[in-house]
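The lines below spell out each chain.
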Amino acid sequence: MPQINAAAFTSDFSPMKQLTGVASKGKGKIGVLLPDTTTSTRYVQYDAPYLAKAFETAGLTSDQFTIQNAHGSASTMQTQADAMITGGATVLLVDPLDPGSGAAIEAKAQAAGAQVIDYDRLVTGGPANRYYVSFNNVKVGELIGKGEVDCITKWNVAKPNILIMNGDPTDNNAKLFAQGYHSVLDPKFSDGSYVKVAEPAGTWTPSIAATTFQQQWTAHKNINAVVTPNDDNANAVIAVLKSNKVPAKRFPTTGQDASLPGLQNILTGYQCGTVYKPIYLEAQAAAALALFLRAGVTPPLTLVNAKTQDSKIGKAIASVYTVPIWVTTENMNNTVVKDGAVTKDKLCAGDVASACTAAGIG
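These numbers come from a predicted model, not from an experiment.

Structural notes on the sheet that holds strand β10 (residues 306-310)
Taken together, seven strands build an open sheet; the order of strands is β2-β1-β3-β4-β5-β11-β10 and the sheet is mixed. Bordering the open sheet on either side are β2 (65-69) and β10, each of which pairs with just one other strand. Between one strand and the next, the sheet's axes are offset by a mean angle of 25 degrees, whatever the strand orientation. In terms of strand pairing, strand β4 (residues 115-119) meets strand β5 (residues 131-135) through three bridges, oriented parallel. Counterpart to Tyr119 in the pairing with β5 is Val133.

Some details on the nonpolar core
Judged by nonpolar contacts, the single largest core of 89 residues is most densely connected at Leu93, Val336 and Leu347. Per-element tally for this core: the top contributor is helix α10 (residues 279-294), with 13 residues. Judged by nonpolar contacts, the second largest core, of 16 residues, contains Leu163, Met165, Val226 and Ala236.

Side note on the pattern of salt bridges
As enumerated under the stated definition, the model contains 11 salt bridges in all. The closest approach of N and O atoms between Glu282 and Arg42, which form a salt bridge, is 2.9 Å. Taken together, the residues Glu282 in helix α10 and Arg42 in helix α2 (residues 42-57) connect sequence positions 240 residues apart. For the residue pair Glu282 and Arg42, the accessibility class agrees, reading buried in each case. Two residues, Asp171 and Arg121, come together in a salt bridge whose shortest N-O distance is 3.3 Å. On the criterion of sequence distance, the pair formed by Asp171 in the loop between β6 (161-164) and α6 (172-190) and Arg121 in the loop between β4 and β5 is long-range, its members being 50 residues apart. In terms of burial, Asp171 and Arg121 fall into one category: buried. One network of salt bridges, in which partners are shared, links Arg42, Asp47, Asp120 and Glu282.

Digging into the pairing of β6
Of the two faces of β6, the one lined by Asn161 and Leu163 and the one lined by Ile162 and Ile164 are each fully buried. Where β6 meets strand β7 (residues 195-198), three bridges bridge the pair, whose relative direction is parallel. Within β7, the residue paired with Ile162 across the bridge is Lys196.

Focus: α6
For the α-helix, the turn length of 3.6 residues means that residues three or four positions removed from each other point alike. Over its 19 residues, α6 runs 26 Å from end to end, which matches the ideal 27 Å to within 8%, given 1.5 Å per residue. Along α6, the sharpest change in direction is near 40 degrees and occurs at Ser183; proline Pro187 comes one to four residues later. Among all positions of α6, only Asn172, Asn173, Ala174, Leu176, Phe177, Ala178, Gly180, Tyr181, His182, Val184, Leu185 and Phe189 are buried. Packing partners of the buried residues in α6 comprise β5, α5 (137-154), β6, β7 and β8 (225-227). The N-terminus of α6 is capped by Asp171, whose side-chain oxygen sits 2.9 Å from the backbone nitrogen of Asn173.

Focus on the pairing of strand β3 (residues 89-94)
Along β3, five of the six residues are buried, which leaves the element largely enclosed by surrounding structure. One ladder, built from five bridges, connects strand β1 (residues 29-34) with β3; its direction is parallel. Within the sheet, the bridge partner assigned to Gly31 lies in β3 and is Leu92. In this structure, β3 lies alongside β4, joined through four bridges in parallel fashion. Opposite Val94, over in β4, you have Asp118 as the bridge partner.

Things to note about the environment of Lys307
For Lys307, the position within the fold is in strand β10. Not counting the four nearest positions on each side in its chain, Lys307 is found in contact with Ala316, Ile317, Ala318, Ser319 and Tyr321.

A word on the side chain of Thr228
With respect to the secondary-structure elements, Thr228 resides in the loop between β8 and α8 (231-243). Taking the relative accessible area as the measure of exposure, Thr228 reaches 0% and is therefore buried. Reaching out from Thr228, the side chain makes a polar contact with the backbone oxygen of Thr254 at a distance of 2.5 Å. Those residues in contact with Thr228 that lie beyond four places of it in its chain are Met165, Asn233, Ala234, Val237, Thr253, Thr254 and Gly255.

A few points about the sheet that holds β7
Strands sit in the order β7-β6-β8 across an open sheet of three strands; the sheet is parallel. Whereas interior strands pair on both sides, the edge strands pair on one side only; in this sheet they are β7 and β8. Taking the axes of each pair of neighbouring strands and ignoring which way they run, one obtains an average angle of 35 degrees across the sheet.

Criteria and cut-off values
- Residues numbered from 1 in each chain as written.
- Predicted model: local features only at pLDDT ≥ 70, side-chain atom pairs only at ≥ 80, totals over all residues.
- Heavy atoms only, no water.
- Pairing = 2+ DSSP bridges.
- Helix = DSSP H or I, 4+ residues; strand = E, 2+ residues; numbered from the N terminus.
- Axes fitted to C-alpha atoms, helices over the stretch in contact; angles between N-to-C directions.
- Core = buried A, V, L, I, M, F, W, Y, C linked by side-chain atoms within 4.5 Å.
- Buried < 20%, exposed > 50% of the residue type's maximum accessible area, 1.4 Å probe, protein only.
- Salt bridge = Lys/Arg side-chain N within 4 Å of Asp/Glu carboxyl O.
- Expected span 1.5 Å × (residues − 1).
- Bend = angle between axes of the 7 residues up to and from the residue.
- Contact = heavy atoms within 4.5 Å.
- Polar contact = N/O pair within 3.5 Å; in protein donor to acceptor, adjacent residues only side chain to side chain.

Here it is in structure tokens:
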């Protein structure tokens, strides 16, 4: 069996060709369950096509795997899972809408003889012998926190009064992100160099994030920086700032996912940076793991390179971690643009053109 390494995946997907032998030995289908199309644009733009490309590069045909999106409905995801299991799935990748529904799907899949993989989000309370594939999400949060600190300095924000906005509290990833950025910011709150003004209930819904931010900003006029946990929420906050005529490079915001709006907000000076999680790395890692499990082969330790504690069941889950990157104007051209995660034509359209030129993107 090939000893494929979690750090070896590339943007051209060529490492997946090492797994053609594994793919040929496998039995049954691989099912992928994605959560929605609204909390992040990534699932449609990146995850679904990248997972398909990874499977196909390894030699699977389109009838040997299926990728479906639940469009925000846990009951739809359960129906999709049931159909996959009935249709002969021997491995399910589950990116849940919430831990409870995800755990129910995984328990039912295992009872039917399928192996399960938590994809991107840990399914707290899921089976103890499952696997988990994601980025190091505490590291993602640390990058957000460090990005906020760097931006506060570069944008000359005097007496930082920070609003912390978290992701949905039912999402384990949101908790890990918060753990990461709090590890960076809490010492500054403790020594008085920064002030934490508030930390309201979190969400992944941009419209709710916009309302929450407006309410907090109205109640606390001293807020002059905000930790926003992804690009979509940041974009909602930035819309409020722009409507209030706040100029560029004055009010730091953060993000993740390296979405087109997020990257454009960075170029135009309304967002400090974004955590680029090269989805092609995560998709290939998940596809590789699924292929080993489908073939009945224990995946190599070069791939399964970490453990993640599931606090609900008190067990450490065998995990595959890939590495996130903090993207600013300085390295945007050599990361997301170079990787093809976004095209120059789309990124540099309209009013962003001059900012692209200034950043060396052209």
